[in-house]
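# Inside the fold
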Amino acid sequence: MVETTGGGPQDGAAEVLDRPLPDGVRRRVVQIVADGFGGLTVAELPVQLRQYARFTPTRRAKFAGNAMAAALETDPLFRQRIGEKLRETEPELTGALDSGSPPPAADPLDVAAAAYVLRPPGWVKLVTAAGEEAQRADAERADEETRAELERLRAELDRARDHTRAETERLRAELDAAKKETDSLHRKLRSALADVKRGEAALRKLRGEMEAVRAEGQTQVSAAESETRRLKARLGETEAALEAARRAAREGRSVEDMRVRLLLDTVLDAAQGLRRELALPPVSVRPAETVDAVEPGRMTPKDIAARALSEDDPGVLDQLLALPQAHLVVDGYNVTKTGYPQMPLEKQRLRLLGQLAQLAAQTGAEVTCVFDGAELAAPVLLAPPRGVRVLFSKPGVTADELIRQLVRAEPPGRPVIVASTDREVADGVARAGARPVASAVLLKRLS
């Protein structure tokens, strides 16, 4: 509410501007807000403008123009405070607006911006008139610039016409001189053509003689090259066959040696375990001790049968891993999706590999964990834990097929345990000589 002289309190806040604020008026309004901004405390500023409190007026107008214009339009208290700062800096202009008679000599844009901030009665008309006046001034300025540009283009056109006429005369003179020079050159050309024809006849004769010599030499070179290619081809075939034979012998020998050595280690470890199991205590055997009977404190056959382990007992896995040279092959995702399917694949892999590393350290068995590579969106970057071999299947090959390849690669007789709930995998590895174990059994053992 602004009180004006001569008529009591009047307020133009009820008036509404029915069109966008003209650009010139808006720039002056933003500048008024930027100038009055610094005279307010941080508490007097709207929340959205407090971050610009330490800016200079120029930087405020540049970076916070839209925010200040929006706050001035929507926050009457902030607009009143800016109006008070404007009255302090422009007392004559604001006093004239409050009295309802803006000074005629004042800039219409300044009058409209001050009226927009103070909101005296009739401020909408002042803003609209300032916008129309600015548009008229822009139109007159554009008209003057257009007329000046038109005059400049006309002058340039006259200069271009004069230059074109002079250039045409010069080109005509040069054309006449060129025609005379052309006639002279034609005469010289005819004489030169006659000389060329005589030279071409002599050149054709020499070319014929050279072609005959070249053909004879080419025939001899072709024959020599054909013989050289034939000998090189035979030599290459011989070298390839020799290298293939050497490679086949070397690879076959290394693979078979590895398989035989691994099987021999398995047999030796089994023999040592059997020797330990068959070691007799250093006591003499009495005849009465050979009679089959149940002594006090000893287990009967029923007791022994009651102690047999079920298929889902994790103790079965401990017994299998205690065998000499045991190799545990784990169907990775089959185990993780059985135990903790809600976790992301990356965390599933890390959790399983950490548990398998502890199992390998406890049992000393060889552990290989196989994951399906088809579910990878990108190459996996991980460092396999100590004692665990980590493999991903190639494109087009499933993890099940990779597990069967690993089982087939082992020599017959080595204890191989495969942890998977997949019935097809279990049946396939069992036919290949491996011992299948359910994923739940491995999860119980790991937990």
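The coordinates are above.
Everything in this summary refers to the structure shown in the same document. (Residues numbered from 1 in each chain as written. Predicted model: local features only at pLDDT ≥ 70, side-chain atom pairs only at ≥ 80, totals over all residues. Heavy atoms only, no water.)

## Remarks on the side chain of Gln-355
- Here Gln-355 lies in helix H11 (residues 345-363).
- Beyond its immediate sequence surroundings of up to four residues, Gln-355 is in contact with Tyr-340 and Leu-446. (Helix = DSSP H or I, 4+ residues; strand = E, 2+ residues; numbered from the N terminus. Contact = heavy atoms within 4.5 Å.)

## Describing the nonpolar core
- Membership of the largest hydrophobic core comes to 32 residues, with the highest contact counts inside it found for Val-29, Val-33, Met-68, Leu-72, Phe-78 and Ile-82.
- When residues of this core are traced back to their parent elements, those giving at least two are helix H1 (23-37), helix H3 (65-74), helix H4 (76-89), helix H5 (91-98), helix H6 (108-118) and helix H7 (123-278).
- Considering every element that reaches this core, the biggest residue donor is H6, with nine residues.
- In this view, Leu-72 contacts Val-29, Val-33, Phe-78, Arg-79, Ile-82, Tyr-116 and Val-117; residues no more than four positions away in its chain are not counted. (Core = buried A, V, L, I, M, F, W, Y, C linked by side-chain atoms within 4.5 Å. Buried < 20%, exposed > 50% of the residue type's maximum accessible area, 1.4 Å probe, protein only.)

## Things to note about the environment of Ala-430
- Tracing the sequence through the fold places Ala-430 in helix H13 (residues 423-431).
- Take Ala-430: its relative accessible area is 38%, and that puts it in the partly exposed class.
- Sequence separation between Ala-430 and Val-407 is 23 residues; the distance between their C-alpha atoms is 9.5 Å.

## Comments concerning the pairing of strand S3 (residues 327-331)
- Counted residue by residue, S3 has five buried out of five residues, so it is predominantly covered.
- The alternating pattern of S3 places His-327, Val-329 and Asp-331 on one face and Leu-328 and Val-330 on the opposite face, and all of these are buried.
- Where S3 lies against strand S4 (residues 366-371), five bridges are found, and the strand directions are parallel. Along S4, the bridge assignment pairs His-327 with Glu-366.
- One ladder, built from four bridges, connects S3 with strand S6 (residues 416-419); its direction is parallel. Looking at the pairing, Val-329 lines up with Val-418 of S6. (Pairing = 2+ DSSP bridges.)

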